[in-house]
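Breakdown of the fold
Spelled out, the chains give:
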Amino acid sequence: MRRRQVREKLFHWSGIAAVVIALTLVGIFFGTILKTGLPAFWQSTFVMDVHFDPEVVQIGPKPEPMPGESPAAYQQRFNQWQLDLGFVDFGQIIHKSIVKQLPEAAEHPDETLALVTSGELFALRDRVVADPGIIGQTVRLKLLADANVDVWLKGNIDRDLPDTQQQLSPLVRAWADQLQASGVIQNKFSTAIFMNPDSRSSLASAGLAGAFMGSLFMMIIVILLAMPIGVAAAIYLEEFAPKNRLTDLIEVNINNLAAVPSIVFGLLGAVVFIMWFNLPMSSSLVGGLVLTLMTLPTVIIATRAALKAVPPSIREAALGVGASKMQAITHHVLPLARPGILTAMIIGVAQALGETGPLLLIGMSAFVASIPATPFDQSTALPVQIYLWESNELRNFFEGRGSAAIIVLLGMMLALNAVAIWLRKRFETRW
Amino acid sequence: MMENNMAQATMGAKLDALPNKPGGGPAASGGIKLSSRDVRVFYGDNEALHGVSMDVMANEVVAFIGPSGCGKSTFLRCFNRMNDTVAGARVTGQITLDGRDIHDHAIDVVQLRAQVGMVFQKPNPFPKPIYENVAYGPRLHGLTSSKSELDQIVESSLRRAGLWEEVKDRLDAPGTGLSGGQQQRLCIARAIAVSPDVILMDEPCSALDPIATAKIEELIHELKENYTIIIVTHNMQQAARVSDRTAFFHLGDLIELGTTSQIFTTPKQQRTEDYVTGRYG
Ligand SMILES: Nc1ncnc2c1ncn2[C@@H]1O[C@H](COP(=O)(O)OP(=O)(O)O)[C@@H](O)[C@H]1O
Ligand SMILES: [Mg+2]
């Protein structure tokens, strides 16, 4: 009797201990990610007046369509204008702007430009394209500092390292400190990480918009395909399929498929979708299809469980008043199984969203410097982007960015879950 | 053995009193509503019912009694072809409803189930509002063209099932929130709503308390006016109280069929006597 009580106590306390350990680990996990990831959303940024000097930006007026001109001819003139703009030395504009704040930089244009990330040169050009009227004006702008400047100012590199191991020359380091002290360089919330695609030349403005769109496209494809196919397959297997060797075999195989390592699906996708069907490599379409294949077994199994959980008496009741089998299922069984099916879907999609392995095999780990506009375009995915960033050689900068990407990915999952919970509540209370 | 027991026992008086049914099907011709000939049911290779033949008259209540597992439910479910829905179940023999073979290709099983309603052992209302429970059948069969007509059917069905007064103020409340007895009466209302000729009841009171049971029995008495009822019961007193005729089944055979008073007072078969006197079962 006493021993039984002791055992019960022991069981009770080991349970509590397990929960505490689990919670601690989850806390550490979130803590470190937030600690490294959140600061990455704030970046060292120049806030200063930039003068679009007409001496430097020597360019004709932006072409306007002329009456009687064909669209092709106009397009050609416009392209020529943009091409000319490409020869404008926007670096000189930035150099002059910084010199105003830091006169001693006048003699060192190259070192000065090392302060600002190179992507801002194109950002200036885009401003002119959008509004040529800006030429000759002085505008207060925010320009992202170079990634190495950000690392230096945030203290993410040891300041006592000898010059040979520093990424920046002593002069640039001194200037960065000086500009920060005078308030020209500020730590500002930056939208670059959300708005821009990945970049290798302008690290500070590298963003995950491309990967985000890729993941979004894949998520939509998985939901659009895996939901109807999986639910239909589950309904057929659970409600209509005759019990025989063939269906037994199918059932065993579906269960086995759920346990197949995901990378194998990537191989399958590479062969079937890319080599046989000639779908574009690295596209989120192929990624979505592969992830659909990977998700289907999970969806089918969980949907069947949800269907099985609907009491047979409900089916009998519907059949008893003259509903056909299909009506009994659509009117009664499916609505009751809907919360379970939704859960199945969310589990499947969340799994797909976090998957990296199969995507590597269909080329989605390639560096893509543009935001995909359609599922046919080359793209990466959030988990792949995290992998790419975390393995970038400029670790001091990309560690934080990787964690920031993890935060975005987790946010996406949370949003997905919130929608699922909301839908469940809705369907459960709607009698 | 069964043929000679087969009941001439139905009394003429009852046949004369065929009422006009509200929205019901054709009145029974010559009084025979349902008839089965040599009906056998197989579950896979296992024969659960060994050739049963019997007739059921219009507007009578027939009780099926017998020990558990003797095939009462199996036989009952033949009349609305519910066995079709059981994987591996096979039915042979002939069953007619109003003289028409229910296995005929021309017969729509959906129509058949509207005509032969069923109430199950465990109350199984849909997890929907009371109103929707009753309205489901009429909607399914397109019996009504307007909301007010549907309202009327729902009300009259609930009235006939003796539930209207208890639920009329909460038709939007879920049917699953009612008490067991109320749920079962709701299921009866649901069956009535599609204006069937026959109602099959498979141990409708086995999950209910005595008061709820008494209400259902009372209801069966009233429903008899308009419907033909076959009720499976394991409760001998209940069979005696509600039925006109009683059929005793044993191990997949129909052993004896006669008026209820005859079965309970002067059974012709030894096994029937053993069962009704409680020697086994
Ligand atoms: N779905 C089924 N599959 C296989 N055998 C069944 C099934 N339903 C009933 N049986 C068998 O048929 C026989 C009669 O069952 P049933 O009609 O339910 O008996 P009762 O209702 O009289 O208790 C029993 O032996 C039972 O095991
Ligand atoms: Mg039974």
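1. Considering the overall build of chain B
Assigned secondary structure in chain B consists of 12 helices and 10 strands. The buried share of chain B, taken over its 281 residues, is 56%. Taking as baseline every contact in chain B between residues at least 6 positions apart, the subset at least 24 positions apart corresponds to 67%. Carbon together with sulfur atoms contributes 49% to the accessible area of chain B, which is approximately 11,500 Å² in total.

2. Topic: the interface of chain A and chain B
Residue-level contacts link 16 residues of chain A with 22 residues of chain B. Across the contact surface, chain A and chain B share one salt bridge. Note that A:Glu316 is salt-bridged to B:Arg77, the shortest N-O span being 3.0 Å. Where chain A touches chain B, the interface holds six residue pairs in polar contact (both at pLDDT 80 or more). Going through the elements one at a time, helix H13 (312–320) and helix H14 (325–353) of chain A are the ones with two or more residues in the side of chain A that touches chain B. Of the residues forming the side of chain A that touches chain B, the biggest block, seven residues, is contributed by H13(A). Split into classes, the residues belonging to the side of chain A that touches chain B amount to eight nonpolar, seven polar and one charged.

3. Overview of the site of ligand 1
All names here are of chain B. Residues in contact with ligand 1, as listed here, are Tyr43, Ala48, Ser68, Gly69, Cys70, Gly71, Lys72, Ser73, Thr74 and Val86. A distance of 2.7 Å separates an oxygen atom of ligand 1 from a polar backbone atom of Gly69. At 3.1 Å, a backbone N or O of Gly71 approaches an oxygen atom of ligand 1. For ligand 1, whose accessible area on its own is 560 Å², the fraction buried by protein is 59%. In terms of residue count, helix H3 (residues 72–76) provides more of the shell around ligand 1 than any other element does, three residues in total. Looking at side-chain class alone, the shell around ligand 1 contains four nonpolar, five polar and one charged residues.

4. Side note on the pattern of salt bridges
Counted by the stated rule, this structure contains 28 salt bridges over all chains. Where A:Arg125 meets A:Asp126, a salt bridge forms, and the shortest distance between an N and an O atom there is 3.7 Å. Its relative accessible area of 27% is what places A:Arg125 among the partly exposed residues. In this structure, B:Lys33 and B:Asp98 form a salt bridge, with 3.0 Å as the shortest nitrogen-oxygen distance. Here B:Lys33 is found in strand E1 (residues 32–43), whereas its partner B:Asp98 is found in the loop between strand E4 (89–97) and strand E5 (100–101), with 65 residues between them in sequence. Classification of B:Lys33 by relative accessible area gives buried; the value is 1%. Taken together, the shared-partner salt bridges connect B:Glu155, B:Arg159, B:Glu165 and B:Lys168 into one network.

5. Regarding the nonpolar core
As a rule of thumb, nonpolar side chains are buried together in soluble globular proteins. Counting 95 residues, the largest nonpolar core has A:Phe46, A:Leu115 and A:Leu143 as the members making the most contacts within it. When residues of this core are assigned to their parent elements, the largest contribution, 11 residues, is made by helix H17 (residues 395–429) of chain A. Counting residues domain by domain, this core receives three or more from each of domain 2 (42–190) and domain 3 (209–427) of chain A. Among residues more than four places away in sequence, those in contact with A:Leu143 are A:Thr45, A:Phe46, A:Met48, A:Val50, A:Ile94, A:Val116, A:Glu120 and A:Leu124. Formed by 54 residues, the second largest nonpolar core is a distinct cluster that contains A:Ala318, B:Val62, B:Ile230 and B:Phe249.

6. Thoughts on the environment of A:Leu203
Residues and elements named next belong to chain A. On the secondary structure map, Leu203 appears in the loop between helix H8 (192–195) and helix H9 (209–240). When the C-alpha positions of Leu203 and Gln82 are compared, they lie 25 Å apart, and in sequence the two are 121 residues distant. When neighbours within four sequence positions are excluded, Leu203 is seen to be in contact with Thr117, Ala147, Leu394, Phe397, Phe398 and Arg401.

7. Description of the confidence of the model for chain B
All names here are of chain B. Residues at a pLDDT of 70 or more form 89% of chain B, whose mean pLDDT is 85. Between residues 1–30, whose pLDDT stays under 50, and residues either more than four places distant or in other chains, the model counts 51 contacts. On the interface metric, ipTM, the complex scores 0.82, and its pTM is 0.77.

8. Describing helix H7 (residues 170–181) of chain A
Residue and element names in this part refer to chain A. Along its 12 residues, H7 runs 17 Å from first to last C-alpha, staying within 8% of the 16 Å computed at 1.5 Å per residue. When H7 is considered as a whole, its buried residues turn out to be Val172, Arg173, Trp175, Ala176 and Leu179. Projected down its long axis, H7 shows its buried positions confined to an angular sector of 165°, all on one face. Buried residues belonging to H7 abut strand E1 (42–51), helix H3 (90–101), helix H4 (109–113), helix H6 (147–154) and strand E3 (185–189).

9. Notes on the sheet that holds strand E3 (residues 61–65) of chain B
Residues and elements named next belong to chain B. Spatially, E6-E7-E8-E3-E9-E10 is the arrangement adopted by the six strands of the open sheet, whose pairing is mixed. One side of each edge strand has no neighbouring strand; the edge strands of this open sheet are strand E6 (116–119) and strand E10 (253–259). Across the sheet, the mean angle separating the axes of adjacent strands is 20° when strand polarity is ignored. Strand contacts of helix H8 (residues 180–192): E6 and strand E7 (198–202), with the helix running at about 170° to E6, the strand carrying the most contacts.

10. Examining the packing of aromatic side chains
Scanning the model with the defined rule gives 16 aromatic pairs over all chains in all. On the basis of an interplanar angle of 85° and a centroid distance of 5.2 Å, the ring pair of A:Phe397 and A:Phe398 is categorised as edge-to-face. Overall, A:Phe397 belongs to the buried group, its relative accessible area being 6%. Judged by its relative accessible area of 1%, A:Phe398 falls in the buried class. The interplanar angle of 50° and the centroid separation of 5.6 Å between the aromatic rings of B:Phe75 and B:Phe249 together place this pair among those described as tilted. In this pair, B:Phe75 is assigned in helix H3 and B:Phe249 in strand E9 (residues 245–250), connecting sequence segments 174 residues apart. This pair shows no difference in class: B:Phe75 is buried, exactly as B:Phe249 is. A cation sits over an aromatic face here: A:Arg159 above A:Trp152, 4.0 Å from the ring centre.

11. Digging into unusual backbone geometry
Even without being glycine, A:Ser282 reaches a positive phi, approximately 65°. Residue position: A:Ser282 is located in the loop between helix H11 (262–276) and helix H12 (284–308). Look at A:Ser282 and you get buried, because its relative accessible area is 4%. Even without glycine at this site, B:Asn59 takes up a positive phi of about 60°. With respect to the helices and strands, B:Asn59 occurs in the loop between strand E2 (46–57) and E3.

12. Comments concerning the packing of H9(A) against helix H16 (residues 382–390) of chain A
The description of two packed helices rests on the angle between their axes and on the distance between the axes. All names here are of chain A. One can describe the packing of H9 onto H16 by two numbers: an axis separation of 8 Å at closest approach and a directional angle of 150°. With respect to their mutual orientation, H9 and H16 come out roughly antiparallel. On the side of H9, the interface is formed by Ala211, Phe212 and Ser215, while H16 contributes Leu382, Pro383 and Gln385. When the residues that make up the contact of H9 with H16 are grouped by side-chain class, the tally is four nonpolar, two polar and no charged.

About the cut-offs
Residues numbered from 1 in each chain as written. Chains lettered and ligands numbered in written order. Predicted model: local features only at pLDDT ≥ 70, side-chain atom pairs only at ≥ 80, totals over all residues. Heavy atoms only, no water. Helix = DSSP H or I, 4+ residues; strand = E, 2+ residues; numbered from the N terminus. Buried < 20%, exposed > 50% of the residue type's maximum accessible area, 1.4 Å probe, protein only. Contact = heavy atoms within 4.5 Å. Areas by Shrake-Rupley, 256 points an atom, 1.4 Å probe, with all protein chains shown as cover. Salt bridge = Lys/Arg side-chain N within 4 Å of Asp/Glu carboxyl O. Polar contact = N/O pair within 3.5 Å; in protein donor to acceptor, adjacent residues only side chain to side chain. Nonpolar A, V, L, I, M, F, W, Y, C, P; charged D, E, K, R; others polar. Near = heavy atom within 4 Å. Core = buried A, V, L, I, M, F, W, Y, C linked by side-chain atoms within 4.5 Å. Domains from an automatic or database assignment. pLDDT = per-residue confidence, 0-100. Expected span 1.5 Å × (residues − 1). Arc of directions from axis to C-beta. Pairing = 2+ DSSP bridges. Axes fitted to C-alpha atoms, helices over the stretch in contact; angles between N-to-C directions. Phe/Tyr/Trp six-rings, centres within 6.5 Å; stacked < 30°, edge-to-face > 60°. Lys NZ or Arg CZ within 6 Å of the ring centre and 35° of its normal. Parallel < 35°, antiparallel > 145°, perpendicular 65-115°, else oblique.

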